[in-house]
Amino acid sequence: SFTCTYEVTPLEEIDLFLASSLRYDEGKRSKEIFSDAVHLLTSPVFLVDVGTDQNALEINERGELNIDMSNIGEDTVKIVSLKFRVPQIVRVDNTQLTRDGDFYTWSGNLEENDTRALYIDFSAVHSGASVITGTITYEYKGMSFTKSNLKSDVSIEDKGVKLVSS
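All residue numbers refer to positions counted from 1 along the written sequence of the respective chain. Residue-level local features of this predicted model are given only where pLDDT is at least 70; pairs of side-chain atoms are given and counted only at 80 or more, and the full residue set underlies all totals for whole chains, interfaces and linings. Calculated side-chain values reflect all of the structure's heavy atoms, with hydrogen atoms and water omitted.

### A closer look at the packing of aromatic side chains
Going by this rule: Note on aromatic contacts: the rings of Phe and Tyr and the six-membered ring of Trp form a pair at centre separations within 6.5 Å, being stacked when their planes are under 30 degrees apart, edge-to-face when over 60 apart, and tilted otherwise. Secondary structure counts use DSSP, requiring at least four H or I residues in a row for a helix and at least two E residues in a row for a strand, with both numbered from the N terminus. A simple rule labels every residue: compare its accessible area, found with a 1.4 Å probe on the protein chains alone, to the largest value its type can have, and call it buried under 20%, exposed over 50%, or partly exposed in between.
Scanning the entire structure with this criterion turns up 2 aromatic pairs. Relative to Y138, the ring of F46 has its centre 4.6 Å away and its plane inclined at 45 degrees; by these criteria the two rings are tilted. Here F46, found in strand β5 (residues 46–52), pairs with Y138, found in strand β13 (residues 128–140); they are 92 residues apart in sequence, far enough to count as distant. Take F46: its relative accessible area is 0%, and that puts it in the buried class. Measuring from centroid to centroid gives 5.3 Å for Y138 and F145, while their planes differ by 25 degrees, and the two rings are stacked. Considered together, Y138 and F145 belong to a single accessibility category, that of buried residues. In textbook terms, an aromatic cluster arises when at least three aromatic residues are bridged by ring pairs, as seen for F46, Y138 and F145.

### Observations regarding the side chain of D121
Note the threshold: Residues counted as positive are Lys and Arg, residues counted as negative are Asp and Glu, and His and the chain ends are not counted. We define a salt bridge as a contact between a side-chain nitrogen of Lys or Arg and a carboxyl oxygen of Asp or Glu at a distance within 4 Å. Any two residues having at least one pair of non-hydrogen atoms within 4.5 Å are treated as being in contact.
Along the chain, the position of D121 falls in strand β12 (residues 115–124). Although buried, D121 forms no salt bridge, and the nearest oppositely charged side chain, R62, lies 4.2 Å from it. Setting aside its immediate chain neighbours within four residues, D121 contacts R62, G63, E64, R91, V92, D93 and N94.

### Let's talk about a nonpolar patch on the surface
Heads up, the condition is: For patches, a residue must show more than 30% relative accessible area and have no salt bridge; joins then use 9 Å for like charges and 5 Å for nonpolar side chains, namely Val, Leu, Ile, Met, Phe, Trp and Tyr. Here, Shrake-Rupley sampling with a 1.4 Å probe gives the accessible areas, and only protein chains in the shown set may cover a residue.
Taken together, the side chains of Y6, V8 and V38 make up a nonpolar region of the molecular surface, amounting to roughly 260 Å² of accessible area. Summarising the element assignment, V38 is placed in strand β4 (residues 38–41). Looking at V38, the relative accessible area reads 34%, which means it is partly exposed.

### A look at the nonpolar core
The test is simple: Among the buried residues, those of types Ala, Val, Leu, Ile, Met, Phe, Trp, Tyr and Cys that are joined through side-chain atoms within 4.5 Å form a nonpolar core.
In terms of nonpolar packing, the biggest core is built from 32 residues, with F46, I67, M69, I79, L82, F84 and L97 touching the most fellow members. Of all elements in the fold, only β5, β7 (62–71), β8 (77–85), β9 (90–95), β11 (103–110), β12, β13 and β14 (143–157) reach the threshold of two or more residues within this core. Sequence-distant contacts of F46, defined by excluding residues within four places in its chain, comprise E13, M69, S70, N71, I72, V77, I79, L110, I136, Y138 and K147.

Pasting the structure below:
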């Protein structure tokens, strides 16, 4: 019997299984044995939830993109860059984010057990279907992380004009 001990320091959020193997020669034969699988699962330290108050709008209707962030870690989370791209089928009416070209951005710190809610109020101006997309880069305990799958679908209908003939 042989026991190996090792320490794993994750550089990102992970959820994976791994197994170790041992390859050895027994006489003239080469053999390989595997350990049981070990489940490596990190607890997130920073949560981001993005969504609109309604995904289907009509022309001139108003909507709101909500960005909820929570630091559930044991140290400050530094938001280096939060960036959202808003499609041309909507017009931004009000937001806590700063406009930077085609993007709306924000940066700041979240202390331990702190939450922050940001919003982008918008109006539907053109019919169609699109996606509001975002990316966040943050630092925690000297390590940098990026989440680039932040998105919310938005669909805008134009009811058109009702024609009546006599």
